[in-house]
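Fold and geometry: a report
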Amino acid sequence: MLDWIQTHIPPWVYIAIIAHLAITGAVAYLILLERKTASWVQDRIGPNRVGLGFGIIPYLKDMHMFGLGQPLADGIKFILKEDYRPKNVDKILFTLAPGVMITVIIVSIATLPWGGVHEATRTLNVYGSADPVARATQLAHEQIPGNAEIVSIDYNEGYPTAIVTYRYPFQISNLNIGVLFILATLSLAVYGVVIGGWASNNKYSFLGGLRATANMISYEIPLGLAVLCLVATFGTLSLETITEKQCHYWLGFIPAWNVFSQPVAFMMFLICIHAEANRAPFDVAEAEQELVGGYHTEYSAMRFALFFLAEYAGMVTTSAVCVALFFGGWHIPWIDLIWPNLFGDTHSAHPEVTTSLIVCIVRSLAFFTKTLGIIFIFMWARWSLPRFRFDQIMMLAWRALIPMSLALLLATIAAGYFAGYRTDFVVHGRLGIALLIANIAVLVGSMVISTIIPAAPQTNRRMKVLGSRFQKTPLPAASV
């Protein structure tokens, strides 16, 4: 039975199940973390009353457990609430919108590189074969799980067996366009917002959908250009390859993470994923002071919960991409220097390859821990910064981030040209310093230019509306 499972169920199936359970489970408790973060920032007590006993389970009903039962209570509340749908909505699109958002988020995690590459061996019996090597190759393709790369086949003539060495990535799918796949997939989430706003037959929802569309169109440009800076540096769109090429050190102890050589690109990427996720201070699509609830004004119960969960799941995915691009992904710095044998039989030329499954799991935990750090920045920003006006958000994208990202892309290419690209597309010390200088130059140049260019037109002004009774406010009779 075990042999049948190993032969017919490839490892990516288990990784997919665990990854989806980890992300969906984390989403529920990220809501608790959000409330705890809000309480820390605002110096108040957060949710700490609901334990896992819900007040009814014996031995647990009096235990608060730091509020760990709050997400479960929220889930039960959403399931039991009245599923209200207004009278004049588009029934099909109204239900389809939250489904589109959550489906897009679930699909987008397929190319996240969780833990490097696991190398394993399998012994195959080729007794009685006229061509043992050909027979071993055939059996290897039949019995080794899918999505695996066969590295070598060693045939033992004295004992008719073949030892096959193969590798499979510790991710669901190792696409060579992984970055493009995730960004393209996540950009489809805006259709859920737009469809929900349109189908609701509500002017506030419709305006929220329009704002989300403008937000997405504006911030997709600097987001793509920030990623293109790394693509131009490493010559690939594969998240696994970009992560692997960060797994070395500058000066023997500084991790060669892109956040140190491209800090401006990181800041632009971080700002853009805030805007893409409709998170504060970019949450103009659901601004309650202006649009009641925005695109989800008319939603309740589980339909609203899917919007809510999709926002947090998208935040997890974009944070994970940020970790893979700028923080070395699964790379754990200095451990391999302090304890070289911890990673077992790790190839020096391919640091992502390891023969230990435990190491792959530890790397995945490190990757997820870094992701939680980026998520905390999301929450910290939400409870620390006020919401921007919509015109300010558009000005930030078109007058600041897009010109800066174009300049940074040109500076990255110039730095690579003058510092000398290597054939293996690894950022060595000289190129890393050149990229850092280019980032600083772009930042300083942008600050200088911002003092020279004309100011943006004043959009927050009183406008003359012909025929309006509010054009001239009458004074009280007593003061005339």
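Provided above is the structure to which this section pertains.
Residues numbered from 1 in each chain as written. Predicted model: local features only at pLDDT ≥ 70, side-chain atom pairs only at ≥ 80, totals over all residues. Heavy atoms only, no water.

**Thoughts on the overall build of the protein chain**
How we decide: Think of it this way: any DSSP run of H or I at least four residues long counts as a helix, any run of E at least two long counts as a strand, and we number them from the N terminus. For each residue, the accessible area found with a 1.4 Å probe, counting protein chains only, is set against the maximum for its type, and the residue is called buried under 20%, exposed over 50%, and partly exposed in between. Contacts are assigned to residue pairs that have any heavy atoms within 4.5 Å of one another.
Counting its secondary structure elements, the protein chain contains 17 helices and six strands. For the protein chain, with 480 residues in total, the buried portion stands at 46%. Relative to all contacts within the protein chain whose residues are 6 or more apart in sequence, the contacts with residues 24 or more apart total 75%.

**A short note on the sheet that holds strand β2 (residues 149-156)**
Applicable threshold: Between any two strands, at least two bridges found by DSSP are needed for them to pair. To obtain each axis, a line is fitted to C-alpha atoms, and for helices this fit is confined to the stretch in contact; angles are then taken between N-to-C directions over 0 to 180 degrees.
The four strands are arranged β2-β3-β1-β6 in an open sheet whose pairing can be described as mixed. What marks the edges here is a single partner per strand, and that holds for β2 and β6 (353-354). Taken together, the nine bridges between strand β1 (residues 117-125) and strand β3 (residues 161-169) define a ladder with antiparallel strand orientation. Bridge pairing in β3 links Ala120 to Tyr166. Sheet strands touched by helix α15 (residues 357-382): β1, β3 and β6. Its angle to β1, the strand with the most contacts, is close to 155°.

**Details of the nonpolar core**
Let me state the cut-off plainly: Nonpolar core, defined: a set of buried Ala, Val, Leu, Ile, Met, Phe, Trp, Tyr and Cys residues in which side-chain atoms within 4.5 Å join the residues together.
Ranked by internal contacts, the top residues of the largest apolar core, which has 96 residues, are Phe269, Leu325, Phe326 and Phe327. Formed by 11 residues, the second largest nonpolar core is a distinct cluster that contains Leu124, Ala140, Ile144 and Ala162.

**Here's the deal with the pairing of β3**
Burial of β3 is extensive: eight of the nine residues sit out of reach of the surface. As paired strands, β2 and β3 are joined by seven bridges and run antiparallel to one another. Looking at the pairing, Ser152 lines up with Thr165 of β3.

**Points about a nonpolar patch on the surface**
Where we set the bar: Distance thresholds for patches are 9 Å for like charges and 5 Å for nonpolar side chains (Val, Leu, Ile, Met, Phe, Trp, Tyr), applied to residues having over 30% relative accessible area and no salt bridge. Under the convention used here, a 1.4 Å probe and the Shrake-Rupley method define accessible areas, while residue burial counts only the protein chains that appear. Between Lys or Arg on one side and Asp or Glu on the other, a salt bridge is scored when a side-chain nitrogen of the former is within 4 Å of a carboxyl oxygen of the latter.
A contiguous nonpolar patch, built from Tyr29, Leu52, Phe66, Leu68 and Leu72 and spanning about 460 Å² of accessible area, is present on the exposed surface. Summarising the element assignment, Leu72 is placed in helix α3 (residues 70-80).

**What to know about the pattern of salt bridges**
Across all of its chains, the model carries eight salt bridges by this definition. Note that Glu34 and Arg279 form a salt bridge whose closest N and O atoms lie 2.9 Å from each other. Linking Glu34 in helix α2 (residues 11-41) with Arg279 in the loop between α11 (263-276) and α12 (288-291), this pair joins segments that are 245 residues apart in sequence. Taking the relative accessible area as the measure of exposure, Arg279 reaches 1% and is therefore buried. A salt bridge links Asp391 to Arg389, with the nearest nitrogen and oxygen atoms 2.9 Å apart. Connected through salt bridges with shared partners, the residues Glu34, Arg279, Glu311 and Arg382 form a single ionic network.

**Quick notes on helix α4 (residues 91-108)**
Note the following rule: A helix is expected to reach a length of 1.5 Å times the quantity of its residues less one.
Between its first and last C-alpha, α4 extends 27 Å over 18 residues, near the 26 Å set by a 1.5 Å rise per residue. Residues Phe94, Ala97, Pro98, Met101, Ile102, Val104, Ile105 and Ser108 constitute the buried set of α4.

**Focus: the side chain of Glu240**
Short version of the rule: By the counting scheme adopted, Arg and Lys are positive, Glu and Asp are negative, and His together with the chain ends is not counted.
Summarising the element assignment, Glu240 is placed in helix α9 (residues 239-244). Of the side chains with opposite charge, Arg363 lies nearest to the buried Glu240, which makes no salt bridge, at 6.8 Å. In contact with Glu240, other than residues within four places in its own chain, are Pro113, Gly116, Val117, Gln171, Asn174, Trp330 and Glu352.

**Observations regarding the environment of Gly196**
Residue position: Gly196 is located in helix α7 (residues 189-199). Residue classification places Gly196 among the buried positions, given a relative accessible area of 0%. It is 9.8 Å that separates the C-alpha atoms of Gly196 and Gly294, two residues lying 98 residues apart in sequence.

**Here's the deal with unusual backbone geometry**
For residues other than glycine, phi is negative in most cases, and the peptide bonds are mostly trans. One non-glycine residue, Leu251, lies in positive phi territory at about 60°. Look at Leu251 and you get exposed, because its relative accessible area is 72%. For Ala301, which is not a glycine, the phi torsion comes out positive at approximately 55°. Along the chain, Ala301 turns up in helix α13 (residues 301-326).

**Observations regarding the packing of α11 against α15**
Here is the rule: Oblique is the label for any angle not covered by the other classes, which are roughly parallel (under 35 degrees), roughly antiparallel (over 145) and roughly perpendicular (65 to 115). Crossings are sorted by hand: turned counterclockwise from the far helix by less than a right angle, the near helix makes the crossing left-handed, and turned clockwise it makes it right-handed.
Following both chains from N to C, one finds α11 and α15 inclined at 65°, their axes separated by 11 Å at the closest point. It follows that α11 is roughly perpendicular to α15 by the angle criterion. Like other packed secondary-structure pairs, α11 and α15 cross with a definite hand, here right-handed. Here Leu270, Ile273 and His274 of α11 come into contact with α15, specifically with Ile374, Ile377, Phe378 and Ala381.

**As for the side chain of Asn202**
This is how the line gets drawn: In the analysis that follows, any N or O atom pair within 3.5 Å is treated as a polar contact, provided that within protein one partner can donate a hydrogen and the other can accept it, and provided that, for residues neighboring in sequence, both atoms belong to side chains.
Within the secondary structure, Asn202 is located in the loop between α7 and α8 (203-234). Given a relative accessible area of 16%, Asn202 falls into the buried group. At a separation of 2.7 Å, a polar atom in the side chain of Asn202 contacts the main-chain amide nitrogen of Tyr204. Leaving out residues up to four positions away in the same chain, Asn202 has contacts with Gly197, Thr297 and Glu298.

**What about the packing of aromatic side chains?**
As a reminder, the rule being used: Aromatic rings from Phe, Tyr and Trp, taking only the six-membered ring of Trp, are treated as a pair when their centres fall within 6.5 Å; an angle between ring planes under 30 degrees marks them as stacked, one over 60 as edge-to-face, and anything in between as tilted. Counted as over-ring charges are cases with an Arg CZ or a Lys NZ within 6 Å of the ring centre that also lie within 35 degrees of the ring normal.
Taken as a whole and judged by the stated rule, the model has 18 aromatic pairs. Ring geometry for Trp257 against Phe327: centres 6.2 Å apart, planes inclined by 65°, an arrangement best described as edge-to-face. Taken together, the positions of Trp257 in the loop between β5 (254-255) and α10 (258-261) and Phe327 in the loop between α13 and α14 (335-338) put the pair 70 residues apart, joining distant regions of the chain. The burial state of Trp257 is the same as that of Phe327; both residues are buried. An aromatic cluster is built from Trp257, Phe260, Phe266, Phe269, Phe326 and Phe327, whose rings are joined through pairwise contacts. For Lys77, the ring lying beneath its charged end belongs to Phe78, and the centroid distance is 4.9 Å.

**Some details on the packing of α8 against helix α16 (residues 390-419)**
The geometry of α8 relative to α16 is characterised by a closest axis approach of 9 Å and an angle of 15° between their N-to-C directions. Between α8 and α16, the angle is such that the two are roughly parallel. Considering the relative orientation of α8 and α16, their crossing is left-handed.

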